[in-house]
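# Working through the structure, step by step
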Amino acid sequence: MILPSHLSVRDDHLVIGEHDTVDLAERFGTPLYVTDEMRICQNFQRLSGALTAHYKKIRILYAAKANGNLAIFKTLASMGAGADVFSAGEVALALDGGMRPESLLFNGSSKTSADLALAVEKGIRVSVDSPDELRQLDRAAGEGGKTVDIAFRVNPAIEVPTHPKIATGLATSKFGIPAGQILDAYREALALEHVNPVGIHCHIGSQILAVEPFAREVEVLIDVARDLLDIGVDPAFIDIGGGLGIPYRRETDRAPTPEEYAGAVMPVFLRGIRDLGIEPELWVEPGRWLVGDSTILLTRVNSVKTAHKTFANVDAGFNLLVRPTMYDSYHEVVAANRADAPAVREYSVTGPICETGDILAKDRMLPELEAGDLIAVLDAGAYGFAMSSQYNSRPRCAEVLLAGEKAALMRRAETIDDLTAPMVTVPWQE
Ligand SMILES: Cc1ncc(COP(=O)(O)O)c(C=O)c1O
Ligand SMILES: N[C@@H](CCCC[NH3+])C(=O)O
């Protein structure tokens, strides 16, 4: 099996950073999310380096939805990242994590009036998703006695090779304004008093393992910029969103490197802006690429059963990692306490949730397993804990952050009391 450089095997045990996963599981319990902070920093530097090699005016906005732990915001803020935020919660976390309001972009196709008021109050730029939202934002800004800088989210009508549920720039997608309507939207923004159109925003989808769609996206955005110049808007930034995929199947996935991504996108961007005589900042909104491979989910085998096939029943299910169930996603699994043992039997690694679809990994060759063994699910840092739930009334597990020799909780495990705490006794049952 090919492991990323922050994972290794020592004395038959899987090691993350400098830490033996068997020790981590004993110390903190299972299930357990474990994140290597250094890996996130390396990922950030690599992506940032690849882009700035072409153009200096780059901003990286971490897509906060990928992993919402406050510690992750702090790590990325310290690297100089801003954030793509989608909710009041993400705004609060980003600001608490040390990001400045000017380094955030408030995205979303269905913002509440409270979201808009929050953006106005905090001075956060807004990616506006419809003319209706534009008018509401103008009103909110007027009431707050302010002017808000905005971009419009463009729907570029681009097909992308990914799971249909996470392609966001299809003509039929709920996100953005069709290219044919976008100029009217900017014209309307120019006519309004409290919104200031300064940017162009787009995001074509997630887990994209090809670079051509990003290059086509940039062409569309350059066309929009050309039209904007005609109506007197010189864009201060062009935000091409996130979406760069990672190789979940390391043996076979051919994932573009950041250098290949930059090599496809930047020449189109640079040629475009040179022709137009403008020098906007280029913004990107990576989520998965920054945090995806930084994290493993450790889960203990409760029992092994051979029936129609052989099941390793573990203590984490789609309550903690929904991607395999929701998108048929593949995550590599490793027998963490037998990492050198030969793979001799096919297992399905199944969780404790009362649903047939609760399968973390289907039909994988693994060493002989028994109750008490430890399984590591790899590449669980993006949309892992972030999409967890308390389904089946299971408290969520803890998250640990590693930095060199250090290991500390960045979120404690929930308890049964945490499940019931928000519940309120209705008066007729008192
Ligand atoms: C607006 C926006 N930006 C960025 C992202 C991050 O995507 P990814 O994690 O694939 O980089 C998303 C999620 O797809 C998004 O909706
Ligand atoms: N949740 C998806 C990615 C969605 C990206 C958000 N727009 C995943 O796990 O792959």
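Just so it is clear, the structure is predicted and the values come from calculations on it, not from any experiment.

About the criteria used
- Residues numbered from 1 in each chain as written.
- Chains lettered and ligands numbered in written order.
- Predicted model: local features only at pLDDT ≥ 70, side-chain atom pairs only at ≥ 80, totals over all residues.
- Heavy atoms only, no water.
- Pairing = 2+ DSSP bridges.
- Helix = DSSP H or I, 4+ residues; strand = E, 2+ residues; numbered from the N terminus.
- Near = heavy atom within 4 Å.
- Polar contact = N/O pair within 3.5 Å; in protein donor to acceptor, adjacent residues only side chain to side chain.
- Areas by Shrake-Rupley, 256 points an atom, 1.4 Å probe, with all protein chains shown as cover.
- Buried < 20%, exposed > 50% of the residue type's maximum accessible area, 1.4 Å probe, protein only.
- Contact = heavy atoms within 4.5 Å.
- 1 Å grid on protein atoms, 1.4 Å probe; cavity = no way out; pocket = protein on both sides within 12 Å on 5 of 7 lines; lining within 4 Å.
- Sits in = over half its atoms within 2 Å of the grid points.
- Core = buried A, V, L, I, M, F, W, Y, C linked by side-chain atoms within 4.5 Å.
- UniProt positions renumbered as here; feature names shortened; annotations may be inferred.

It is worth spelling out the pairing of strand β21 (residues 406-411) at this point. Bridging between strand β20 (residues 398-403) and β21 involves 5 bridges; their strand directions are antiparallel. Bridge assignment links Leu-401 to a residue of β21, and that residue is Ala-408. Between β20 and β21, which pair antiparallel one after the other, the connecting turn spans 2 residues, and Gly-404 there sits at a positive phi close to 60°.

We now examine the site of ligand 1. As a matter of local geometry, ligand 1 sits amid 16 residues, with His-203, Ser-206, Glu-285, Arg-288 and Tyr-383 nearest to it. A distance of 2.7 Å separates an oxygen atom of ligand 1 from a polar side-chain atom of His-203. Tyr-383 is positioned with one of its side-chain polar atoms (N or O) 2.6 Å from an oxygen atom of ligand 1. Contact with the protein chains covers 95% of the free accessible surface of ligand 1, which is 390 Å².

What follows is about the side chain of His-331. Within the fold, His-331 resides in the loop between α11 (323-327) and β16 (333-335). Given the relative accessible area of 0%, His-331 is considered buried. A polar contact of 2.8 Å, which involves the side chain of His-331, links it to the backbone oxygen of Leu-378. Polar contacts involving the side chain of His-331 include one to the main-chain carbonyl oxygen of Asp-379, which spans 3.3 Å. Ignoring sequence-local partners within four residues, the contact set of His-331 consists of Tyr-248, Leu-321, Arg-323, Pro-324, Ala-361, Arg-364, Val-377, Leu-378, Asp-379 and Ala-380.

Around ligand 2 lies a shell formed by Lys-65, Ile-166, Ser-206, Arg-288, Arg-323, Tyr-327, Tyr-383 and Met-387. Between ligand 2 and Arg-323, the relevant distance is 2.6 Å, taken from an oxygen atom to a side-chain nitrogen or oxygen of the residue. Within the side chain of Tyr-327, an N or O atom sits 2.8 Å from a nitrogen atom of ligand 2. Here ligand 2, which alone exposes 320 Å², has 84% of that area covered by the protein. Under a 2 Å grid-point criterion requiring more than half of the atoms, the pocket assigned to ligand 2 is the largest pocket.

Here we take up the nonpolar core. Considering soluble globular proteins, one finds that nonpolar side chains tend to be buried as a cluster. Counting 89 residues, the largest nonpolar core has Leu-76, Ile-150, Phe-152 and Tyr-261 as its most contacted members. Leave out the neighbours within four places in its chain, and Leu-76 touches Ile-40, Phe-44, Tyr-62, Ala-81, Met-99, Leu-290 and Val-291. Counting residues in each nonpolar core, the second largest holds 21 residues, with Tyr-33, Ala-316, Val-349 and Ala-361 among its members.

Per the UniProt entry, the sites bearing "binding site: pyridoxal 5'-phosphate" (unreviewed entry) are Gly-243, Glu-285, Pro-286, Gly-287, Arg-288 and Tyr-383 in this numbering. Residues from the named set that contribute to the lining of the largest pocket are Gly-243, Glu-285, Pro-286, Gly-287, Arg-288 and Tyr-383. Locating Gly-287 in the fold gives a position in the loop between β13 (281-284) and α10 (288-291). On the basis of relative accessible area, Gly-287 is assigned to the buried category, the value being 5%. If near-sequence neighbours (up to four positions away) are discounted, Gly-287 is found in contact with Tyr-62, Ala-63 and Ala-66. Residue Tyr-383 is classed as buried on the basis of its relative accessible area, which comes to 15%. Once residues within four sequence positions are removed from consideration, Tyr-383 is found in contact with Lys-65, Ala-66, Ser-206, Arg-288, Leu-321 and Arg-323.

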